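Summary of the model geometry
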Amino acid sequence: MAQKTQVQNNNLQAIKKYHPELVGSLKKEFQDCPSELVVEPTKSGPPTFSLLTKDQRWICYHSRYNPVEEAKKIVNSWSLKKQHSEIVLLGLGFGYIPIAVIDKLAPHQKLWIVEPSLQVFQTAVKNVDFTPLLKRTNTHFAVGSDFFKKLRENFHKTDFKIFYFAYPPALTIYPELKEAVSYLEEITLSGLRRAMEYPKFSSSLPRVLCFEGGFHIEKEFQNCLHQQKIPCQTLSAQMGGVGGADFIPRLMEQLATFKPDFIFSVNQIGFDREGKLAEILSFYEIPFVSWFVDNPLPILARSGKNASEFGVCLLWDKSYVEPLQKLGFKKVKYFPYAADSSIFFPKPTKGEKRFPLSFVGSSMESTIQGRLNELKEHSYLLKIYEKLTDLAYSSERKRVETMALIKDELGGRKFSAPALSSLEVAIHSRWSQEKRVQTLLALEEFRPHIFGDNGWKKLLPETFNFHSPVNYRKELPDVYRSTEINLNISNVQLKSSVNQRLFDVCATGSFILTDGHKAVKEFLIPGETVETYQTLEELVQKTRYYLCHPKKREEIEKKGNGAILNNHTYVHRFQEMATLLKEYFG
């Protein structure tokens, strides 16, 4: 108790000397913590606390193990710069984060600490010594229910030099902090516009800012930029949201300093479904390109909230162009896959080819199970999944848009957009899995080599040759080169285009036998630069034929390789993209 009293007295003396405006918040005599706030010891010693929210959930504010180290990790993840004149922290808690940041700040940098709860502030004064924070010059507090008023008084005229961080538990406990976040974003962005007023596409080499989220064609696209010496920077992002508390400040900083001609993302990674980021970029007139390599409708939640005159949607399948236009997207173009010629190229193989017949791909099992887990609280949607996936692969599937089938089954019932998106992806994945399994089973006599996940071992008999997944950039090209017949089975969501495998196999100078999708003819000539099949019977027949006629395979391989490398690499695609963007925004 004596130690607590000493901590409290130290804090009180510092408050009276350095922050007398806070004394009014501490006039009441200290009392034991009410039931809604419980102070707890942590494994490492320093205390933390839990709060009961308005919806009756207990939220632990800091780490129960080591809140000091947790705070250091958070602060170390920030992109703090000396140019940031104002640092705003939303949520004081027990002061661990602001204490961790003060050693990183220059004397001229103002530190603003917002704590909506007088109860939390008083409890912090009683339990944690944060006199270093109180004694620091240029530290300011906004404590209590009028915190937002204080923010508006001090930040009504500012610019992009503000750095702000909203502590996630604080946002959960105090929803009113979200209004402060919106305000800080607004005033930060308004000041930034001056820095954004630079000409776009004025140089022969456009500058590109790439959002990174882990999609396979991101690196391939960046490779083609490096090959052409295109100025490029990257920014880590995530699906379905704007990628963490400091994503917007990091983005603003890169826009102001790098001054890209456009932002590039795959599957609109980094963009939120509510269209907030699209609105910000439109405000600053920053063009942004989203190359969709999956069905864009579930990704966009069938909403036009991300539609913008500064946004361009590139679709790997032309069948989705019209649906996006109906949602309000104006700049929509068909933009098929391509090959990365720095990774996929012909190379002499040592000795004979090791694999007569190969298929490289996912069993779709993890995708299906992951989406079904997201639906475990929606038993009715699971029933729809069972019913629709029991349908045979038929012309009905090809003719009717999947969400239309789902809505017919809903019967007017309402579910969230993310839930319906998960259902749609699960159904598509299950149909694709079914198609792949049926195709491979037809080839069982040839004992195909399957490169992929362990899900295949549950779906196919032991007569198949199973291999572990291969690294796309390091191992896959040699698998293609070492295979006599590379099999291609298109995903069912591909309606009017072809998949990545077709380009990659041909780019290595290898032979591919692909399902006879009508879009194949846009890129290759069946029987001359590629070989196709329409039925499983034809597939078996052509497999047998080409295994016995290597010279015929080699003729097709050579012509197919030239057709792809001369016309369909990512360098070609970027040149097409740059021409399109100059037409729109130059």
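The structure we're discussing is the one just above.
This write-up is about the structure you can find in this document. Predicted model, so just to flag it, every value in this text is computed and none were measured.

1. Structural notes on the overall build of the chain
Summing up its helical and strand segments, the chain has 24 helices and 19 strands in all. A principal-axis box enclosing the C-alpha atoms of the chain has dimensions of 90 × 55 × 50 Å. Here the chain, with 586 residues, has 54% of them falling under the buried criterion. Summarising the internal contacts of the chain: among those between residues at least 6 apart in sequence, 71% fall at separations of at least 24.

2. As for unusual backbone geometry
Positive phi values are uncommon outside glycine, yet N267 reaches one of about 55°. If you trace the backbone, N267 turns up in the loop between strand 10 (262-266) and helix 11 (276-283). Among the residues examined, N267 registers a relative accessible area of 1% and is labelled buried. The phi angle at Q268 is positive, at roughly 55°, despite the residue not being glycine.

3. Quick notes on the sheet that holds strand 15 (residues 449-451)
The strand order across the open sheet formed by six strands is 16-15-14-17-18-19, and the pairing between neighbours is parallel. Every other strand in the sheet has two partners, leaving strand 16 (465-467) and strand 19 (531-533) as the edge strands with one partner each. Each strand of the sheet is rotated relative to its neighbour by a mean of 25°, with strand direction disregarded. Pairing between strand 17 (residues 483-488) and strand 18 (residues 512-515): three bridges, direction parallel. The residue bridging N488 from the neighbouring strand is T514, located in strand 18.

4. Re the state of the cysteines
The full count for this structure, using the stated rule, is zero disulfides. With no disulfide of its own, C210 lies 3.8 Å from the sulfur of C232, the closest cysteine sulfur.

5. Here we look at the nonpolar core
By size, the foremost hydrophobic cluster in this structure holds 151 residues, and its most contacted members are V88, L90, F211, L251, F264, W291 and M577. Examining the composition of this core, we find that 10 residues originate from one element, helix 8 (residues 177-196), more than from any other. Membership of the second largest hydrophobic core comes to 20 residues, among which are F446, L487, F511 and Y546.

6. Some thoughts on the pairing of strand 8 (residues 208-212)
The buried count for strand 8 comes to four of five residues, which makes it a mostly enclosed element. In the sheet, strand 8 pairs with strand 9 (residues 232-236) via five bridges, with the strands oriented parallel. In the sheet register, V208 faces strand 9, and the bridge partner there is C232. Handedness of the strand 8-helix 9 (residues 216-227)-strand 9 crossover: right-handed. Bridging between strand 8 and strand 10 involves three bridges; their strand directions are parallel. Counted as the bridge partner of L209 is I263 from strand 10.

7. Concerning the packing of aromatic side chains
Enumeration according to the criterion identifies 29 aromatic pairs in this entry. Taking the centre distance of 6.2 Å and the plane angle of 35° together, the rings of F344 and Y480 count as tilted. Linking F344 in the loop between strand 13 (332-334) and strand 14 (355-360) with Y480 in helix 20 (residues 476-481), this pair joins segments that are 136 residues apart in sequence. In this pair, the class of F344 matches that of Y480, namely buried. A ring pair is formed by F359 and W456, whose centres lie 6.1 Å apart and whose planes are at 90°; its orientation type is edge-to-face. With F359 in strand 14 and W456 in helix 19 (residues 455-459), this residue pair connects regions lying 97 residues apart in the sequence. The pair formed by F359 and W456 is uniform in burial state, with each residue classed as buried. Feature note: the residues F221, F264, W291, F335, Y570 and F574 constitute an aromatic cluster, connected by ring pairs. Between the NZ or CZ atom of K200 and the centre of the ring of Y198, over which it lies, the distance is 3.9 Å.

So, how was this worked out
- Residues numbered from 1 in each chain as written.
- Predicted model: local features only at pLDDT ≥ 70, side-chain atom pairs only at ≥ 80, totals over all residues.
- Heavy atoms only, no water.
- Helix = DSSP H or I, 4+ residues; strand = E, 2+ residues; numbered from the N terminus.
- Buried < 20%, exposed > 50% of the residue type's maximum accessible area, 1.4 Å probe, protein only.
- Contact = heavy atoms within 4.5 Å.
- Pairing = 2+ DSSP bridges.
- Axes fitted to C-alpha atoms, helices over the stretch in contact; angles between N-to-C directions.
- Disulfide = S-S within 2.5 Å.
- Core = buried A, V, L, I, M, F, W, Y, C linked by side-chain atoms within 4.5 Å.
- Right-handed = clockwise from strand over helix to strand, strands pointing away.
- Phe/Tyr/Trp six-rings, centres within 6.5 Å; stacked < 30°, edge-to-face > 60°.
- Lys NZ or Arg CZ within 6 Å of the ring centre and 35° of its normal.

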